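One letter stands for each residue in the lines below.
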Amino acid sequence: MFLPTAGPTGHRQYIEYLFLVPYDLRKFTLVIVAAVGYNSVTRERVTGTIKFVLGLPSTRRDLLLGKLLSRSMILVIATGAMLLVESFLAASEFGQQYLLSFWTMGAWVLLYVIVWGAVVVGYSAIFRTGYRTLFALVGTYFLLSPNHGLWRVLVRPLFSLVFTGSWSTSVYETLATAPFWLRFVERLNPLISFWEAMRWSIHAIGPGEPAGSLVLNLFGLSVFLGFGTVPLLFGYYRFDARDLSSQPVSKQTRFRRYLRAVRTSSTSLFSRALLRAKSRTLVLFWRDIRQMFQNRVVVVGIMLVISVVTPQILQTIEPDPAFGMVGSLTILPSLFGLPTLILGVALGYRSVVGERVSKTIRIILGLPVTRHKLILAKVLSRVVGALFVLAPIFLFVEGLVILRFNRTFPLLFLTWSGLIAAFAIFWVTIAVGISAAVSSPYRSIAGCFGVFFLFSNNLGVWGWGVRPLIVTLFAGTVSGSTIRQVQDEVPLVRYLDHLNPFRAFQTVQESLFSLVGVGAEASSPSVPIVLFSLLVLLAIPSVSLHLGYKSFDNSEL
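Being a predicted model, the structure only gives us computed values, none of them experimental.

S.K.: What should I look at first to understand the overall build of the chain in this one?
M.R.: From N to C terminus, the chain includes 27 helices and 0 strands. Within the chain, buried positions represent 47% of all 557 residues. Counted over contacts in the chain with a minimum sequence separation of 6, partners at least 24 positions apart contribute 74%. In the structure as shown, the chain presents an accessible area of about 27200 Å², 66% of it carried by carbon and sulfur atoms.

This is the structure:
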């Protein structure tokens, strides 16, 4: 995903290109870090091989250091391979005289992945399961991310209130020109410390002039190194003090205990009404709702969604003079793009395959219920669960609108909330379909995010593969600026581009906002393309669910 879009172009200066490479790699390499390290120690415990490993002439410290070294080597090889390709592209475009500054940047990127590798290995030693390790890693990134995390919308304003008496912080061209208190506070964030220290060292070698204090950058470097050391040390002490002879109760055992408790407990009034109605689908639906919200992964996913969207909502809901009184409300659906993906995957990834892994699928299908009704109940329960999570957030946003605008916008509320709910249902349905088709929860997660990276315009295959191919077929060029020209001249290209559900959703969003009088009339799409977009948004989750059901129906349980 990174290499096809990161090559230098003649329209970009070298120094701009040099900082663009680590800017992108900061995010892309975290995917490798998570994949390589999240299960490094927990897998040994879950599979029971930890006793065999520790039965060899080695200590727990040796085990943890071995895991760190092996994972770091994989991260360095993978990231170094990308840097080698980039250095060849940079030398061919700008000349070999810049290789020293390029590999100065490359050394910092390798240090970046090693430190994050220490963080994830430490988390893996702290937590009992790989899922908790993943959520801790993602939560750490969303806390510290300078652009997308809580640091920008919560931590930095708190420090600004302490030092200046105001929640807002002035914008400076570089951190070196900011007041001393802000330069010091920002370096308490290890990700900002990494970036500023890397920038200072690159400018010290050239091109450019180093800006900022060397002492502050050394302090930031110590913060960044401590960011990797502290979780590793804490993980070692937790791992060293833990009794490995008493293994935690597995999810399969907990679920079976839950089933026995449900069967032996008195049936609620609602359940008795469902049973009298002889609707097996509704009975499965109701019991799956209760089971779903007792799953820790679902609870952590919901908490992650709330922690991501709440700061962005508080910052977005403001009267915007540039876009009219309620122009900021039209941004809400785009704010929920990633949170609805997280929510849909958390609710749906284990919906069917979890029953197969825990062997409870035989118990359920031993009852008078078909596989078709089981899939239907799963879809209904997960969709209702998603709406149940989103409803309080919608009410919170509407209350904030009333507080800050002193009035309500009922049509606009129904529009943006309906769009977000529809996108959540889209991801839940896809996740349930993939969960029914695969044989393990990990494959289900991989399938869900695979769909996202396939259709993503900025990060995925569609943006750097499918779209340029479409333009090449009809215009003989892959320039991103000509796709609109080709769409205007060849209507077929517009329909092909709208096979992407993200593009289709954007078109439907523009048309609905235009109908309620908020969007720009000039950008309102035509009726045929809107109808085609709606058809795509309905067809993709339907196909996913149908293929999942067929695979599940033909599988040997």
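S.K.: Please explain the packing of aromatic side chains as it appears in this structure.
M.R.: Any two aromatic rings considered together are summarised by their centre-to-centre distance and by the angle between their planes. Inspection of the entire model under this criterion finds 29 aromatic pairs. Centre to centre, the rings of Phe-423 and Phe-502 are 6.0 Å apart; their planes meet at 65°, and the pair counts as edge-to-face. In this pair, Phe-423 is assigned in helix α21 (residues 410-437) and Phe-502 in helix α26 (residues 501-515), connecting sequence segments 79 residues apart. Assigned by exposure class, Phe-423 and Phe-502 land together as buried. If you follow Arg-26 out to its NZ or CZ, it ends over the ring of Trp-195, 4.6 Å from the centre. The lysine or arginine in question, Arg-199, covers the ring of Phe-19, its NZ or CZ lying 4.9 Å from the ring centre.

S.K.: How do you make sense of the environment of Ser-193 when you look at a structure like this?
M.R.: Note on placement: Ser-193 falls in helix α10 (residues 190-205). As a C-alpha pair, Ser-193 and Leu-218 span 25 residues in sequence and 9.0 Å in three-dimensional space. In contact with Ser-193, not counting residues within four places along its chain, are Glu-186, Arg-187, Leu-188, Gly-220 and Val-223.

S.K.: How should I be thinking about a positive patch on the surface in this particular structure?
M.R.: Taken together, the side chains of Arg-128, Arg-132, Arg-238 and Arg-296 make up a positively charged region of the molecular surface. In this structure, Arg-296 sits in helix α15 (residues 296-316).

S.K.: Looking at this structure, how should I read the side chain of Arg-183?
M.R.: Counting through the fold element by element, Arg-183 comes out in helix α9 (residues 180-186). Put simply, Arg-183 is tucked away with no salt bridge, and the nearest opposite charge, on Glu-196, sits 9.4 Å away.

S.K.: Help me understand the packing of helix α17 (residues 337-348) against α21 in this model?
M.R.: The axes of two packed helices give the description: the angle between them and the distance between them. Running from N to C, α17 and α21 cross one another at 35°; their axes reach a closest spacing of 8 Å. Considering only the axes of α17 and α21, their crossing is right-handed. Across the interface between the two elements, Gly-337, Thr-340, Leu-341, Gly-344, Val-345, Leu-347 and Gly-348 of α17 pack against Ile-420, Phe-423, Ala-424, Trp-427, Val-428, Ala-431, Val-432 and Ser-435 of α21. Classifying every residue of the contact of α17 with α21 gives 10 nonpolar, 5 polar and no charged.

S.K.: I'm lost on the packing of α26 against helix α27 (residues 527-554) in this one. Help?
M.R.: Their axes nearest at 9 Å, the elements α26 and α27 cross at an angle of 130°. Comparing their axes, α27 and α26 come out oblique. Of the two possible hands of crossing, α26 and α27 adopt the one that is left-handed. Listed contacts from α27 to Pro-501, Ala-504, Phe-505, Thr-507, Val-508 and Ser-511 of α26 are Ile-529, Val-530, Ser-533, Leu-534, Val-536, Leu-537 and Ile-540. Residues that form the contact of α26 with α27 fall into these classes: 10 nonpolar, 3 polar and no charged.

S.K.: Would you explain a nonpolar patch on the surface in this entry?
M.R.: On the surface, a cluster of nonpolar side chains totalling about 280 Å² of accessible area is made up of Phe-180, Phe-184 and Leu-188. Mapped onto the secondary structure, Phe-180 falls in helix α9.

What counts, and at which threshold
- Residues numbered from 1 in each chain as written.
- Predicted model: local features only at pLDDT ≥ 70, side-chain atom pairs only at ≥ 80, totals over all residues.
- Heavy atoms only, no water.
- Helix = DSSP H or I, 4+ residues; strand = E, 2+ residues; numbered from the N terminus.
- Buried < 20%, exposed > 50% of the residue type's maximum accessible area, 1.4 Å probe, protein only.
- Contact = heavy atoms within 4.5 Å.
- Areas by Shrake-Rupley, 256 points an atom, 1.4 Å probe, with all protein chains shown as cover.
- Phe/Tyr/Trp six-rings, centres within 6.5 Å; stacked < 30°, edge-to-face > 60°.
- Lys NZ or Arg CZ within 6 Å of the ring centre and 35° of its normal.
- Patch = residues over 30% accessible without salt bridge, like charges linked within 9 Å, V, L, I, M, F, W, Y side chains within 5 Å.
- Salt bridge = Lys/Arg side-chain N within 4 Å of Asp/Glu carboxyl O.
- Lys, Arg positive; Asp, Glu negative; His and termini not counted.
- Charge placed at Lys NZ, Arg CZ, Asp CG, Glu CD.
- Axes fitted to C-alpha atoms, helices over the stretch in contact; angles between N-to-C directions.
- Left-handed = near helix turned anticlockwise from the far one by under 90°.
- Nonpolar A, V, L, I, M, F, W, Y, C, P; charged D, E, K, R; others polar.
- Parallel < 35°, antiparallel > 145°, perpendicular 65-115°, else oblique.

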